Each structure stands twice: as structure tokens, then as C-alpha cells.
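The primary structure of each chain is shown beneath.
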Number of protein chains: 4
Amino acid sequence: MKDVQNEADYRNLAINKVGIRNIKYPISVLDRAHAAQHTVADVNLYVQLPEEFRGTHMSRFVEILNRYQREIDVRNLDEILSSMREHLHSEAAYLELSFPYFIEKHAPISKASSLMEYNCTMMASQHRNGTKDFVLTVKVPIMTLCPCSKEISDRGAHNQRSLVTVSARMNNLVWIEELIELVERQAVLDLYALLKREDEKFVTERAYDNPAFVEDVVREVALALRADPRIEWFTVESENMESIHNHNAYAFVEIDRRVPARKT
Amino acid sequence: MKDVQNEADYRNLAINKVGIRNIKYPISVLDRAHAAQHTVADVNLYVQLPEEFRGTHMSRFVEILNRYQREIDVRNLDEILSSMREHLHSEAAYLELSFPYFIEKHAPISKASSLMEYNCTMMASQHRNGTKDFVLTVKVPIMTLCPCSKEISDRGAHNQRSLVTVSARMNNLVWIEELIELVERQAVLDLYALLKREDEKFVTERAYDNPAFVEDVVREVALALRADPRIEWFTVESENMESIHNHNAYAFVEIDRRVPARKT
Amino acid sequence: MKDVQNEADYRNLAINKVGIRNIKYPISVLDRAHAAQHTVADVNLYVQLPEEFRGTHMSRFVEILNRYQREIDVRNLDEILSSMREHLHSEAAYLELSFPYFIEKHAPISKASSLMEYNCTMMASQHRNGTKDFVLTVKVPIMTLCPCSKEISDRGAHNQRSLVTVSARMNNLVWIEELIELVERQAVLDLYALLKREDEKFVTERAYDNPAFVEDVVREVALALRADPRIEWFTVESENMESIHNHNAYAFVEIDRRVPARKT
Amino acid sequence: MKDVQNEADYRNLAINKVGIRNIKYPISVLDRAHAAQHTVADVNLYVQLPEEFRGTHMSRFVEILNRYQREIDVRNLDEILSSMREHLHSEAAYLELSFPYFIEKHAPISKASSLMEYNCTMMASQHRNGTKDFVLTVKVPIMTLCPCSKEISDRGAHNQRSLVTVSARMNNLVWIEELIELVERQAVLDLYALLKREDEKFVTERAYDNPAFVEDVVREVALALRADPRIEWFTVESENMESIHNHNAYAFVEIDRRVPARKT
């Protein structure tokens, strides 16, 4: 059968990325405790397509995904990308994995155990010239309490669920768990799936004692990320699902320690 | 050209609903002040298909939508359904419209004006035998403050954005605005797009003074709906986007005044 | 500490369902081959709340989820529901689990292996009076090719991805795999994550040889479901993501074998 | 009342963007025919926050949105951004508007009229130093037919709905309508909400006669965009909702005519 994809192309236009998108696959991710965590990923796989070819071979992406699904690990993404470049004869390969990741947490007073879900994304790429890129993103739901509301009100203060998203480029291994812990430590008001009554009292008072604007949250998290020598570039955003409005408050910071002056 | 849809079908199986789904169309809805409100609807249109026909004629649904888009009104849904039944030679016709609806609100103290968005759905149907059905659904975002958290904590109380959804069958015209006002009056803690500092103080203290469980909210709204003689059947649900968890608290009540005993 | 939820309520209004919603949890589902399939579920858990109580105890739902997460099975849902009723002192308990489920498939010609994702939902409930309910829902993506387009065109025929959703109440165990296989057998044009060139030729020609309206698909699936004595009630819907429109074609059938005449 | 947001901040960290997100507002957009098109936008508004201030004033964003909602126009975005910078005392302002936009189309043979929906986004920013940015994005649903499938199969060819997304930076006014028409002309297989039988024959045969890979679509659209001297930078992506798979095929091209060599 004729291989139409392999036909020569005369339009002189390379394609930055071509591949498959939104394929769901069960994967196994190595966690910090060196145990395999089973989860389900939404996967995008692309390669660069040189100007001389008409198309890529989509089925090969699925074959590669099949081969590696059982053990996806920060440390073998490079091997997967090399395999993509080789089997698809390409100069560059791109991989994006998004998946729910679960961490066992203990309630602050009762110590009752439950699992918290964090959405994570790994975006990795590799070029023939040796350039590599890896961005890890974690989404950490927290609680925030409005300092202005507390200050001006005779009683109470409005508070809400917020979502902090951190993306980072690193020069050394940083575990998903480390990024999540950093955000929860700086934001102070972390969440739990299970809270007993004594825990609810604790987290309510802790919230009232730790008011923070969306601006405060991104600044505190950004300062902690900047202080970690392994993290070279990062963005922090926080989105508050305001309890007094039907829209969200939002703040975003980007810091690139690889360049002399901060990019604005 | 052969009309394949019109072929006879020998499987002896009528189809309850067949039609088009998720078509977006600009519509104009008559509001209580008798002005036309321009919005964009997500539309589903179906008819019943008798067992003797193989298929329906999908293009006719779009023709009917075209004809009525400029003026959708609780009072002409019946005419639209009749038109569907007639042009598609069907015993029953179904129409579902979901759209954002905006109401101007004034902040409680500053009286600053802004628009609040409420998602609404109209589901209507009509059978040849004279049976008609019409369900109006409104989604009203509110704020809730946890009574337990307030009671057990020395200071503060966790609160959050909640979404109250009411669906109602009526024996007489009830405006979208009336249903929304009923929910906001019972839930007490209604939202605004625009609040100045004096308003923020007011809504924070009002929240602290009016704690309500998700169970309280659905009960208060249900009692008010039950007291309105125009409303014969309704469901009320409320979903709290808990600030202390990453999951939601939920309550649901259904009351049918058309039957002697309440359906559980 | 005061148990505010346990306070007496004087509004004389029982609540049909109260509980937690949209909590994500890793679960393990027993598959037909008796192996555990790891996946991630979106979970809703509710109980009925009698009119004399003000509120339920939300943390107990999470404790129960914690206890059973490792082994969710059609055959232990009843035990989970009993546990919910007991720990929450309720007359009725409701459980809803939605999760991606993967089945290994072999391409029709090359026999190349890959995993297909099917979204499944289990909805179960139990009342003190002995009434039980269990509805299994599977979503099966297929391909459909328009018979009208094929008939009237000199060449080609438009085709598209469709999604068939079956919900069923059964009087005997029916595996998820069985429902999926039934839909794929009736719809003929099933999908694969991985197709080699010889498979693509096969599925293209198979599609051209098996045109079916959205009406045909729901009828064929409905007839097969009606012929299975284990299935007492079901709905079948199919939604075609039409390639020639930006909206979808849709059909829906409901059949209840428990009642003499079919509900329309 | 104390203005907590105005407090001095000592963390020495400016915030790139702070503001409100996901507020829905009815807007009126001027179309090419110089008529106002009523639609509903999802709006994000941000400003840069200097390092010396603790917070911004969220209510002012809503006040500005209130003032301009009746007439949003490519030509007054700059005025809105200036107003944001002025009222929020900021060096930089950002505005993002996403909305459904409707264009009347006539079916190819019957000339029957209907409205097609296109999702559009306008992203604009302005800095005190005079730097401005404006990116217009349009999403154009089309049909694609697989050249490989047509070549290797004895009959038929699989085809599907695809979504082409173009983002462009321009040195001169380009109407939304122009970008959409360019995509539809290059992709050949454009969609309609309403097609009569003679139109369905036409579009089916047109599709069979114009097979194109996802790679072909992005290349053809990219070449046409590159040939327009008003367009200085653009990205084109296309995503095919494959009829033979449950995942999508994807291609992406970025071209920057402002720099000597193309960015890969």
C-alpha cells in the first residue's frame, strides 16, 4: 500500500509540532517513596516535521505510549523522547502528560488519614542539537481569607477555596511532593479530604489568623521557589473562587533566574 | 434524490427522542421588564420518531430555530413545539435552551450597579394528545457560612461560594427574575459583581450573622417554593465549594404538590 | 464541642439526598478477568436526612470511602451502602462512581494491541425498606457513516466519531465488558487506539459498507439489550459529532421491560 | 476604613498580573458590516502591581468593564487599557475577552441561510513605556478527509470534524470575518448549520475530492497567513476529532515575520 505520509512536500514549510492529542492511558508514576502510583493520564505526543515530508505516522506514537505506560518517571522521559525522535525520524519530540496524583495527608489535630488529589502536568521536549526542556506543573488547592474583609469587619472575614498553580524548570530533580509541600507551607492554609470536628476548629482559627490576599500568596510562594537553587525558572499563579462574587481573583508571577533581569 | 430517512423501518421500535444537540444560537429572551435581552443559547431540539420511519429530517430543526431565534419567550415555546411537530410529522416535540441571563443589581450599601450572570434552562415538550411539560431551571450562586465552624471556633468561620439550582414546573407564569429573587431572599447571602469597601464590610458581617448548612439552604428555599401556589413541582439542590476541602457539600430536595404524598 | 448538625430541626422537611460530591479518589475495580484495574473515580455519596435532624456528618462519607477504595466491585456496593446507612443513621444511601475503564483491544487485521478508554458510571442506592437500585452506565465511542450521504453522493460519504451511552438496570450480574461488547457488536464500527495501515484500509471499507443513521444505532443497540433477559430497564443514546456541521445529531430510546407497555 | 491593599509591601517582588478572571458579561462587538453584534464574553482583566504595594483594587476592574460593555471594538481596546492603567495606577494592563461570534452563511447549493458560531478571543496589553500587544484568535470548525485512507481503501475514506485555531498579531486592522474566511478558503471544507439534501451531496463529494492531512491544513492556512502583509506573527493549529480513534490528530505551526529566521 502506498505510504501517502511519506510523499515529498514542496511547500517549504516545516511543522513545529504534529502528533496525537487527548489520548487517555493508564500510567504508573514513581513517587518519592519509590512506590509506583497508578493513575490515568491525558497524553499529548508530538514531533517536529521537516519541510520535505508531507506527514508523520500517527500510529507510532501510540506504539511508544504502549511500550512505556507501565513506568513513567521523571528519569525516563528522555528515553521516551529519544524513542519518539528515532521512530518518527524527527529533529524534535514533545511529550505532555496530565494526571491526578494522590498524597496521603493526616488531619492537623485528629491525625485522621485521607488522600488529597493534585493535578500534575509534565511537559518535556528534546531536540537533535541536544537542547532539552522539562517543565513540571502542580496544582495545589488551598484556602484563603481576605485581609481587607477581616480588617474592616466587626466580625468574621470572607474566605474561599483557591487554586495555586506552580510551573518550574529545574537543574536537578525536584519531586512532585516537594513542590506541593512548598506551596502548602507558604500558603499556610492547606486542605484535607477528611477533617474531624477538632480539625475543623483548628483550620477555621488558623485561617482567621493567617489572612492573605491572592497577591500575598503568589509572593510568598515565589520567594520560596526563588530561594531553592534547583529551580531556575518558574511561574506561580493563584485563583481565588471568591465567596462574595461569582468571579475569581487572580495573580501571576514569573521569575527567570537564568537571565540577569527579571522578565516582566 | 432518494430520501433515505423516509424509508420504512421494520424493527418495530419507536425512538423517544431524535434531533440536534449542542447547537449554539444567538437568541433574544423577553425579560420581566418586557425588554428583549440578547444572549447566546445552547440548544437541543428533538422529536419522537414513530416506529414505521427510518429517520428524521435534521435540517428542519435548524430551519425552525432560524425562524424563532429573534424572540424566544416562555409564551411562544408552545408555538415552536407545534411547528416542530408539524414540520417533522411527529407525535411529540422537545426543546431545551440553556443560556446565561443577566440581571442588574445594586450593591447593598454603596448602591453601585453591576450585572450578575445566572445560568438558566428552559425545557419544554408537547405531545399530540395534549400533554405539555415545561420546566424552568435557574442557577443562583450564593455565599454560605458554616454554622458548625462558627460555633466551635474562637474566631472566624469558614465560608464559600455555593450554587443553588432550582427547577420548577408551574401552573402559571413565573418569571426567571422571580425564581432568582426567591432563592436570594431565602439564602440571604446573595452575590454581586461589584462591591465597594463599605459593601464588603456589610456582606462579611451579614455572612457571619447568617450561618447556614447546605441542608438549611435547600430547606429554606424549598419551603418558600412550596408556599407559592403557582409552583406544582420542584427540585432544589445546593452545592458548596467548601473552602476547607477540595470537594463539595451537596443537598437535594424534590417536592411534588401534584401528588398526595411527597416523593422521596 | 457542640454538635450543631445533631440539633433538632423544626421545619418538617426531610432532605432526599445530602452528602459529598466531586471527590476524586483512586479506586480499584474488579474486571471480568478477575484482575484489579486501578483507576481514578469521581465520587458522590449521599444519604437521606430525616426531617428531625438539622444536618448530616460529612466527614463520615470520606471515612467510608477510605475504607473501601482498594476494592470497589459490583458485588460489594451493597455493603458500602449499608455501611453508609448505619454510620449516618439514615433510611437511604446513594453512591455514584464515574471512572475511566480500559480494555485491551487488538486491531482487526494487524492484531496490534492497544488500550481503549470507556467512561463508566455506577449508581447504586439502598433503602431501609429493602428497596435497592443499581444502574450501570457505559460510554462507547464508535464511528458512524451517513446512509443518506452515501446514497445521494457519487463518491464518498461523510462519517464521524459518535458516542453511544447505555444505562441499564439488571436482575443479574452483567460485566462492564459485556455491555461494551454488545454496543460495539451492534454498532459494527468500533474504535481502536492503534491501527496500522492495513487496519485503516479495513475500517474505512467496513464503514462504507455499514452506513447507519444515529436512529439505526440506537435501534440496533436497543434490540440487542431488549433480547438479554438479564436487562430489565435501559436507555440508549447516541450522539454523532457530525463532520458536516458544528452541532451533533442525537437519538434516545428508553425501554422498561418491568412494565407491560413501553414508556414513551 | 483602612485600605489594606494600599499598605506598603517590603518583599521586593512586583507581580506581573493581578486582577479578575472568568467574569461573564454581555458585550456588543462591532462587526465588519459596522453593525453591533450582541454576545456574552468571558472576561479577564489584569494589571501589573509594583513591588511597593501590597494589593490592587479588584472592584475597579468591574467598574471599567461596566463602562465599556456596550461597545467593545478592536479600536477602543487601547482606551480601555489606558483607563485600567490610570485607575489602578499601574505600569501595564492586560485584557482578555473570549466570546462566541456568529456569521450568517448560505448553503453551497440551496443557498439556505443559517448562523455559524466561531469562538473568538482578543488579548490586548499596554505598558507605560508605549509597548502594546494585541493578539486575535479565531476557532474555525471544518471537515477533513484522510488522504491515506482514500488512497489505500477500495471505497470511501474516513473524515471528521476538525477545529482550526489561528492566533495573529497584526500591523493593521484585520477583521474577525477576514481571518475566518481565510481559514475556510484554505481548508476548503467549511461547515454550515443548515444543509439541504442537495447541499449534503455537494459537501460529501467536495470532501472526497479534497483530502487533507492535519499537516496539510496547517500548512495551507500558514502559507496564506504568511502572504498577508498585515499579519506579522501567527500560530495555526488544527485538531482532528478522528472518526477511527477516540483521540485527536494535531498539528501546530508558528511563524514570526518580525524576525529574520523562523522560530521552531
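Keep in mind the model is a prediction, meaning the values are calculated, not measured.

Notes on the interface of chain D and chain A
And then number 1: Listed per partner, the contact involves 57 residues of chain D and 57 residues of chain A.
And then number 2: For the pairing of chain D and chain A, the buried interface totals around 4800 Å² over both sides, and the portion due to carbon and sulfur atoms is 55%.
And then number 3: Among the residues of chain D in contact with chain A, R11(D), L13(D) and R219(D) are the three that bury the most area, contributing 17% of the side total.
And then number 4: Inspection of the region where chain D meets chain A yields 12 salt bridges.
And then number 5: Where the side of chain D that touches chain A is concerned, the elements lending two or more residues are strand 1 (15-30), strand 2 (36-49), helix 1 (58-68), helix 3 (147-152), helix 6 (214-226) and strand 8 (248-256) of chain D.
And then number 6: Its residues assigned to classes, the side of chain D that touches chain A shows 29 nonpolar, 11 polar and 17 charged.

As for the domain arrangement of chain A
Residues and elements named next belong to chain A.
And then number 1: Domain boundaries in chain A define domain 1 (8-98) and domain 2 (131-264).
And then number 2: Each partner contributes residues to the interface: domain 1 has seven residues there, and domain 2 has seven residues.
And then number 3: For the domain 1 and domain 2 pair, buried surface summed over both sides reaches about 740 Å², with 67% attributable to carbon and sulfur atoms.
And then number 4: Interface area lost by domain 1 to domain 2 is led by R32, V74 and D78, which between them contribute 66%.
And then number 5: Between domain 1 and domain 2 we count two salt bridges in total.
And then number 6: For K132, the salt bridge is made with D78, and the minimal N-O distance between the two is 2.5 Å.
And then number 7: In this structure, the connection of domain 1 to domain 2 is made through three residue pairs in polar contact (both at pLDDT 80 or more).

Some points on the confidence of the model for chain A
And then number 1: Here chain A shows a mean pLDDT of 94. Residues at 70 or above account for 98%.
And then number 2: Interface predicted TM-score (ipTM) for the complex: 0.93; the corresponding pTM is 0.96.

Side note on the environment of N12(C)
And then number 1: Along the chain, N12(C) falls in the segment before strand 1 (15-30).
And then number 2: Exposure remark for N12(C): the relative accessible area of 51% places this residue in the exposed category.

As for the packing of aromatic side chains
And then number 1: Enumeration according to the criterion identifies eight aromatic pairs over all chains in this entry.
And then number 2: Ring geometry for Y250(B) against Y46(C): centres 4.9 Å apart, planes inclined by 35 degrees, an arrangement best described as tilted. Of this pair, Y250(B) sits in strand 8 (residues 248-256) while Y46(C) sits in strand 2 (residues 36-49), on two different chains. Both residues of the pair, Y250(B) and Y46(C), count as buried.
And then number 3: The lysine or arginine in question, R21(B), covers the ring of Y250(C), its NZ or CZ lying 4.3 Å from the ring centre.

Quick look at the environment of Y118(B)
All names here are of chain B.
And then number 1: Mapped onto the secondary structure, Y118 falls in strand 4 (residues 113-127).
And then number 2: With 58 residues separating them in the primary sequence, Y118 and I176 have C-alpha atoms 9.5 Å apart.
And then number 3: Ignoring any residue separated from it by four or fewer positions in sequence, one finds Y118 in contact with F99, P100, Y101, I103, K105, K139, V140, P141, I180 and E184.
And then number 4: Here the side chain of Y118 touches E184 through a polar contact of 2.6 Å, side chain to side chain.

Digging into the relation of the copies chain D and chain A
And then number 1: Mapping chain D onto chain A leaves a residual RMSD of 0.0 Å; the transformation is a rotation of 180 degrees accompanied by 0.0 Å of translation along its axis. Expressed as an axis order, the relation between the two copies is that of a two-fold axis.
And then number 2: Looking at chain D, 100% of its interface residues are interface residues in chain A too, so the copies touch through the same face.

Focus on the packing of helix 4 (residues 176-187) of chain C against helix 6 (residues 214-226) of chain C
All names here are of chain C.
And then number 1: As a packed pair, helix 4 and helix 6 sit with axes 9 Å apart at the nearest point and diverge in direction by 135 degrees. With respect to helix 6, the axis of helix 4 lies oblique. Note that helix 4 runs across helix 6; the crossing there is right-handed. Contacts from L179, L182, V183 and Q186 in helix 4 reach E220, V221, A224 and L225 in helix 6.
And then number 2: Its residues assigned to classes, the contact of helix 4 with helix 6 shows six nonpolar, one polar and one charged.

What counts, and where the lines are drawn
- Residues numbered from 1 in each chain as written.
- Chains lettered and ligands numbered in written order.
- Predicted model: local features only at pLDDT ≥ 70, side-chain atom pairs only at ≥ 80, totals over all residues.
- Heavy atoms only, no water.
- Contact = heavy atoms within 4.5 Å.
- Buried area = accessible area lost by both parts, 1.4 Å probe.
- Salt bridge = Lys/Arg side-chain N within 4 Å of Asp/Glu carboxyl O.
- Helix = DSSP H or I, 4+ residues; strand = E, 2+ residues; numbered from the N terminus.
- Nonpolar A, V, L, I, M, F, W, Y, C, P; charged D, E, K, R; others polar.
- Domains from an automatic or database assignment.
- Polar contact = N/O pair within 3.5 Å; in protein donor to acceptor, adjacent residues only side chain to side chain.
- pLDDT = per-residue confidence, 0-100.
- Buried < 20%, exposed > 50% of the residue type's maximum accessible area, 1.4 Å probe, protein only.
- Phe/Tyr/Trp six-rings, centres within 6.5 Å; stacked < 30°, edge-to-face > 60°.
- Lys NZ or Arg CZ within 6 Å of the ring centre and 35° of its normal.
- Least-squares fit on C-alpha atoms with pLDDT ≥ 70 in both.
- Axes fitted to C-alpha atoms, helices over the stretch in contact; angles between N-to-C directions.
- Parallel < 35°, antiparallel > 145°, perpendicular 65-115°, else oblique.
- Left-handed = near helix turned anticlockwise from the far one by under 90°.

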